[in-house]
Amino acid sequence: MRNVWIIWRKELNSYFASPIAYLLLTMFALVFGFFFWNALGIFVLMGMEAQMRGQMFPMNINEQVIRPLLSNASVIGLFFIPMITMRLFAEEKRSGTIELLTTSPIRDIEVILGKWLAALSLYACMLLFTALNFAFLFKYGNPDWKPLAIGYLGLLLQAGGLLAIGTFISTLTKNQIIAGAATFGVCLLLWVLEWVSGYETATWAQVMAYLSVVTHFESFAKGVLDIKDAVFYLSVIFVGLFFTARSMESLRWRS
Amino acid sequence: MRVQAASLSTNHMITVKKLTKKYARTIAVDHISFEVQKGQIVGFLGPNGAGKTTTMRMLTCFLPPTDGGATVAGFDVLEEPLEVKKRIGYLPETPPLYPEMETTEYLQFVGRLKGLSGSDLQKRVDFVVERCAVGDMKEKLLGKLSKGYRQRVGLAQAIIHNPDVLILDEPTAGLDPKQINETRELIKSLAGDHTIILSTHILPEVEQTCEQVIIINKGKLVATDSVSNLQNRARGAETVLIEIAGRNGDLEAASVESRLARLNGVSKVQFKTSHGKRQVFEIESEKGFVRGDLARAIVESGWDLNELRPAAMSLEEVFLQLTGSEAQATESATKGAK
């Protein structure tokens, strides 16, 4: 466990020693801020219209602002995740520092967990900026915090899965760009996979829709903790990290 | 089993038995066996691509052997890699540095990786910084260090956990002569506390730093001996190069060979090259051979003796001979003489 922490610390340090972390945080904050601004604008407009017509629509800030914004955050995450994971192993392979890690008295799985947790931590930092936006809702409104907390849990689980896949892809190449592009492709596919369910109901289509990471987020966005969806994300994390471990082992046989 | 292994380690720090590494089409390391005693500096010598790095990578548990095995400090590289890794300090060909880290930060990180913590860690970091003379660069980013300093920081990380065994892959490659000397001195000074294997393709390096030499070529072990023995071996026999020409027309190499081989003390005559009418022979002789006899025999046979000179064998030639590039050896000797 101590070794995981050592690697975690080193990875986070190198994220923040280079412009990567700051760039990702800034861009994420900007993009999400724009979404937030829009969602809020629409909500306010709807509220004013309702007032002018004298109707009393049930206005719900959780349903109408937080829920779509959490879904947005999950999709924006898809675009940022490749940039977090692409360097994890590719850079170590290119610079030869992977030899230091693999000849130190530390297990492969400890290296992998440390790196993956560091990536997840950076993603969590990005989510902190979204929390800043939501904090305004709490100041000027009275949303329910429980669905929001479950939404964050869902975001972390989903990102955990995609980050594990990205970590795996990063072990396959020395080239960060290749790792990033491949991860991006996979993330994008996992997002749109559910579209087949729109016109096809055969088993293969159902399987594909099931594999789509976005469908499993809907329950979390609603603020419902569905064990089935949580298990799906946990399985993705497990499979991703498992493949990473196998790939790291095979590095030795191949190199 | 463990007890047995541990008692072995008092004599042999490293034992390599029939170590083999095969790739899809090639055999990088072919049944190599050798032993290294505690506290020795061993030079691992071979031309580029001989399998030095592969062997070292197997010893450091970076690569698993295809066949055979090795023990380091009594622990098997396949069975107990974590125990082996705790006892090995390794400097790969390119020092494994993170460009975005500062020197001390990096050494602390490596120290923690190797299991150090707290005041021990701080003491060891201070010690290796002092030992490898990187004090001036403590707060500098590794990416901005010069080649010489990079190498020193590389050495510093290798010895941070005071390992029994140090494995250094071409520690002086790419350094300027002054840095090479400094690095060699540093390595020599480390010998007392550690058993060191260093690979190189530079011979003087071995002559200057090592006590024992292991020569490999094309994945095979060619020789393993002490440096002084190898040098003696080189001096034992004398080799003379002669260049002669026939007085009337062409000269038959075979007849020259048979005539000169009859001389007292000559053990081998070999035709090397010809430059037009002149031909060059290499004559290997035992002790007590008189060069005058050779000259007389040549002149009496009606040939012209253009040149006669000793081709003294340096360790370099022993090495080249052993690695099967004899032609190259004479060539370089010829060039050196001219």
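Our subject in this report is the structure included herewith. This one's a predicted model, so the numbers in the text were calculated from it and none came from an experiment. (Residues numbered from 1 in each chain as written. Chains lettered and ligands numbered in written order. Predicted model: local features only at pLDDT ≥ 70, side-chain atom pairs only at ≥ 80, totals over all residues.)

**Points about the overall build of chain A**
Point 1. Scanning chain A from N- to C-terminus turns up 11 helices and zero strands.
Point 2. Of the regular secondary structure in chain A, the N- to C-terminal order runs α-α-α-α-α-α-α-α-α-α-α.
Point 3. Against the globule reference of 18 Å for 255 residues, chain A gives a C-alpha radius of gyration of 20 Å, in line with a compact fold.
Point 4. Here the C-alpha coordinates of chain A stretch approximately 75 × 45 × 30 Å along the principal axes.
Point 5. Within chain A, the proportion of its 255 residues that are buried is 37%. (Helix = DSSP H or I, 4+ residues; strand = E, 2+ residues; numbered from the N terminus. Rg over C-alpha atoms; globule rule 2.2 N^0.38 Å. Buried ≥ 20, exposed ≤ 12 C-beta atoms within 10 Å, placed from the backbone.)

**Focus on the packing of helix 3 (residues 61–85) of chain A against helix 8 (residues 176–192) of chain A**
All names here are of chain A.
Point 1. Contact geometry for helix 3 and helix 8: axes closest at 8 Å, N-to-C directions at 155°. One way to sum up the angle between helix 3 and helix 8 is to call them roughly antiparallel. Read as a crossing pair, helix 3 and helix 8 show a hand that is right-handed. Taken together, the residues of helix 8 that come into contact with helix 3 (itself represented by V75, L78, I81, P82, M83 and T85) are G180, T183, F184, C187, L188 and W191.
Point 2. The residue inventory of the contact of helix 3 with helix 8, partitioned by class, reads nine nonpolar, three polar and no charged. (Axes fitted to C-alpha atoms, helices over the stretch in contact; angles between N-to-C directions. Parallel < 35°, antiparallel > 145°, perpendicular 65-115°, else oblique. Left-handed = near helix turned anticlockwise from the far one by under 90°. Contact = placed C-beta atoms within 7 Å. Nonpolar A, V, L, I, M, F, W, Y, C, P; charged D, E, K, R; others polar.)

**Comments concerning helix 5 (residues 118–131) of chain B**
Given 3.6 residues per turn, any residue in an α-helix points the same way as the ones three and four places further on.
All names here are of chain B.
Point 1. Taking 1.5 Å of rise per residue, 14 residues should cover 20 Å, and helix 5 covers 20 Å from first to last C-alpha, within 8% of that figure.
Point 2. Along helix 5, the residues classified as buried are R124, V125, V128 and V129. End-on, the buried residues of helix 5 take up no more than an arc of 130°, which puts them together on one face. Pointing more than 90 degrees away from the buried face of helix 5 are the exposed residues S119, K123 and E130.
Point 3. Once helix 5 finishes, A133 follows within two positions and takes phi at roughly 55°, a positive value. (Expected span 1.5 Å × (residues − 1). Arc of directions from axis to C-beta.)

**Some remarks on the interface of chain A and chain B**
Interfaces are often sized by the amount of accessible area the parts lose when they come together.
Point 1. Every contact between the two is made by 16 residues of chain A and, on the other side, 21 residues of chain B.
Point 2. Secondary structure elements with two or more residues in the side of chain A that touches chain B: helix 1 (2–17), helix 5 (98–102) and helix 11 (227–254) of chain A.
Point 3. Tallying contributions element by element places helix 1 of chain A first for the side of chain A that touches chain B, with four residues.
Point 4. Partitioning the side of chain A that touches chain B into residue classes produces six nonpolar, seven polar and three charged.

**Looking at the nonpolar core**
Point 1. One finds L163(A), V72(B), Y106(B), A156(B), I167(B) and I214(B) to be the most contacted residues of the largest nonpolar core, which totals 124 residues.
Point 2. Counting residues in hydrophobic clusters, the runner-up holds nine residues, among them I242(B), V256(B), V269(B) and F281(B). (Core = buried A, V, L, I, M, F, W, Y, C linked by C-beta atoms within 7 Å.)

**So, the sheet that holds strand 8 (residues 195–200) of chain B**
All names here are of chain B.
Point 1. Reading across from one edge, 6-7-8-3-9-10 is the order of the six strands in this open sheet, with mixed pairing throughout. The outermost strands of the open sheet, each flanked by one partner alone, are strand 6 (88–91) and strand 10 (220–226). Each strand of the sheet is rotated relative to its neighbour by a mean of 15°, with strand direction disregarded.
Point 2. Across four bridges, the pairing between strand 6 and strand 7 (residues 165–169) is parallel. In the sheet register, Y90 faces strand 7, and the bridge partner there is I167. (Pairing = 2+ DSSP bridges.)

**What about the packing of helix 4 (residues 103–113) of chain B against helix 6 (residues 147–159) of chain B?**
Residue and element names in this part refer to chain B.
Point 1. For the pair helix 4 and helix 6, interaxial distance at closest approach is 9 Å and the crossing angle is 30°. By the angle between their directions, the pair helix 4 and helix 6 is classed as roughly parallel. The crossing of helix 4 and helix 6 is right-handed. Facing helix 4, whose interface residues are T103, Y106, L107 and V110, helix 6 presents V153, A156 and Q157.
Point 2. Looking at the contact of helix 4 with helix 6, its residues break down into five nonpolar, two polar and no charged.

**Quick notes on unusual backbone geometry**
Residue and element names in this part refer to chain B.
Point 1. The phi torsion at A133 lies on the positive side, around 55°, for a residue other than glycine.
Point 2. Inspection of the secondary structure assignment puts A133 in the loop between helix 5 and helix 6.
Point 3. Residue A133 is classed as partly exposed on the basis of its C-beta count, with 14 C-beta atoms lying within 10 Å.
Point 4. Residue K218 is not a glycine yet carries a positive backbone phi of 50°.
Point 5. Tracing the sequence through the fold places K218 in the loop between strand 9 (212–217) and strand 10.
Point 6. The class of K218 is partly exposed, set by 17 C-beta atoms lying within 10 Å.

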